[in-house]
Amino acid sequence: MRPEPSKCNEQEWIKEEMDGCQFRDERLAQRARRLVGQIASMVGASIPAACQDWANTKAAYRFFSSESVSEHEILAGHFEATKSRMAAVDGRVLVLHDTSVFTYQRDDDSDLGEINHFRSKRKDGIKEVAARGLLMHSSLVITPEGLPLGLAAIKFWTRREFKGCDALKKKINPTRVSIEEKESYRWLENIRAATALAVEPEHCVHIGDRESDIYELFWTAAELETHFLVRTCVDRLAGKKGKTIAAEMKQSSLQGLHRIAFQSSKGQQCEAVLEIRFIKIEVHPPVGKQSKYSSLTLTAIHATERGNPKGRERIQWKLLTNLNIGSLEEAVEKLDWYAQRWKIETFHKILKSGCRAEDSKLRTYERLTNFISLCCIVSWRVFWMTMLKRVAGDMPPSMTLTDTEIELLDKLSKRSAAELPANKTLSEYLLILAGLGGYLARANDPPPGNLVIWRGLRRLTDIQLGYALGRESCG
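Each value, and the rule that gives it
Residues numbered from 1 in each chain as written. Predicted model: local features only at pLDDT ≥ 70, side-chain atom pairs only at ≥ 80, totals over all residues. Heavy atoms only, no water. Salt bridge = Lys/Arg side-chain N within 4 Å of Asp/Glu carboxyl O. Buried < 20%, exposed > 50% of the residue type's maximum accessible area, 1.4 Å probe, protein only. Helix = DSSP H or I, 4+ residues; strand = E, 2+ residues; numbered from the N terminus. Pairing = 2+ DSSP bridges. 1 Å grid on protein atoms, 1.4 Å probe; cavity = no way out; pocket = protein on both sides within 12 Å on 5 of 7 lines; lining within 4 Å. Points joined across faces, edges and corners; volume = space filled by probe spheres on them. Nonpolar A, V, L, I, M, F, W, Y, C, P; charged D, E, K, R; others polar. Disulfide = S-S within 2.5 Å. Axes fitted to C-alpha atoms, helices over the stretch in contact; angles between N-to-C directions. Parallel < 35°, antiparallel > 145°, perpendicular 65-115°, else oblique. Left-handed = near helix turned anticlockwise from the far one by under 90°. Contact = heavy atoms within 4.5 Å.

Next up on the list: the pattern of salt bridges. When their charged atoms lie close together, side chains carrying opposite charge are able to pair. In this structure the tally under the stated criterion is 17 salt bridges. Put simply, R312 and E305 hold a salt bridge, and the shortest N to O gap is 2.7 Å. Note that K334 is salt-bridged to E333, the shortest N-O span being 2.9 Å. Overall, the relative accessible area of 4% leaves K334 in the buried class. For E333, a relative accessible area of 34% puts it in the partly exposed group. Here the residues in one salt-bridge network are D209, R341 and E345, joined through shared partners.

Structural data, given as structure tokens:
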């Protein structure tokens, strides 16, 4: 039987992430900390496999179904830890926002709402079947260099009655519906929650994809005295009466060129030359909301690839921000910041593929949201350790690894003591950890990714167990 993680090593990181939680009962707080350790030691395993015995499994199920437990209680400590890490950053922090859908195969009597429809081939013909699940809107704080500092806000909800956007447009103009009645209101809620964690709101830059192109979001950022950088999907009214942002941008001059290197969706290394244009412009609210909101002075940035590339889509980014941009270098910096938005997609991938949150057999909405909330903490740590290797690899290993883990990784290293540098860094130990997960560390290999890190963590946990049992048996 696997012992509790606290008996294998000092889980200091769990203490840091969970100490700020305020459960009604201290026993719930202890169970939450224990579950985080169990999930982290068996990333991707089922609840029974992580708990290892019926007593702990039953206690976990009671925790997930308790009326005194919700995502707010579970994540409160992590949010406080994120706040501390944000305060330690000198300068800007980027807050990445995105929505992810969790799909489950459940009966029609489940309290999970319908999130989509798909066609299923059955003996009596093809039928349209409803996919059930829940949605999560998350806000991940990172440094401009890409180091994830933690989550700043999480919102869960279900669609009790599925209604597509096209169906809604047939009945009413969506721009005339109050933002509080739409799912997109979660963007505003998370921006407020994330900004509240910042000591200086003006140091936050909230970044979102086309779904965040919401005028109420721009207005909320102005009220909170914080900043945003979003990719637009609406050609908004701007400038002189009757004109739009696109019309104004056509009349703007080319400010410069910027060459980028990237990997295509097929894994090919590509290069592109972008034409950069940006203008400061007065942006007007939608016609149906002009009585409630006034115009805002924003900056539009358009980056368009020169030529027509073969085998892939042409790069074309249209961004809108309330940040001041006075030079080509500043505009390129904002493009680099927006490119970091993909990191929240990576976080969701760890949550689903690493922690396998969609494979859970929990039946109800409340149990699933509580389980996913715990997985969010574990997923952040896996992502954080992966990015530490790339961003802050020269740190001492004790910043993230325990003495026992460092000792074991020293023994597991394929290099002799003479080959290792005198001042060992975190980067050296993360390479050994990734090697446990299958990373080969060949000359042309990219830095280790999240997959090998979480595999390495699982294997290291098993090695620690054997090490602890060996020490006990040897006296």
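Attention shifts here to the pairing of strand β9 (residues 296–305). Counted residue by residue, β9 has 9 buried out of 10 residues, so it is predominantly covered. As defined by bridge partners, strand β8 (residues 269–283) adjoins β9 across 10 bridges and the pair is classed as antiparallel. Of the residues in β9, the one forming a bridge with K280 is T299. The sheet contact formed by β9 and strand β10 (residues 316–321) spans 6 bridges and is antiparallel. Looking across to β10, one finds that A300 is bridged to L320.

Enumeration over the complete set of coordinates arrives at 2 cavities of 30 Å³ or more. The space that makes up the largest cavity amounts to roughly 80 Å³. Along the wall of the largest cavity there are 13 residues; nearest its centre are I39, A45, I47, A50 and F371. Residue assignment for the lining of the largest cavity shows that the elements contributing at least two residues are α3 (26–41), α4 (47–51) and α13 (365–391). Class assignment of the residues belonging to the lining of the largest cavity gives a composition of 11 nonpolar, 2 polar and no charged. Approximately 30 Å³ is the volume attributed to the second largest cavity.

We now examine the state of the cysteines. Tallied over the entire structure, the rule returns 0 disulfides. Counting only cysteine sulfurs, C355 is the nearest neighbor of C375, a cysteine outside any disulfide, at a range of 4.5 Å. With relative accessibility at 0%, the residue C375 sits in the buried group.

With that out of the way, let us pick up the packing of helix α6 (residues 71–87) against α13. At a minimum axis separation of 9 Å, α6 and α13 run at an interaxial angle of 25°. Taken together, the axes of α6 and α13 are roughly parallel relative to one another. Considering the relative orientation of α6 and α13, their crossing is left-handed. Only T369, N370, S373, L374, I377 and W380 of α13 make contact with α6, whose side of the interface consists of E71, I74, L75, H78 and R85. A per-class count over the contact of α6 with α13 returns 5 nonpolar, 4 polar and 2 charged.

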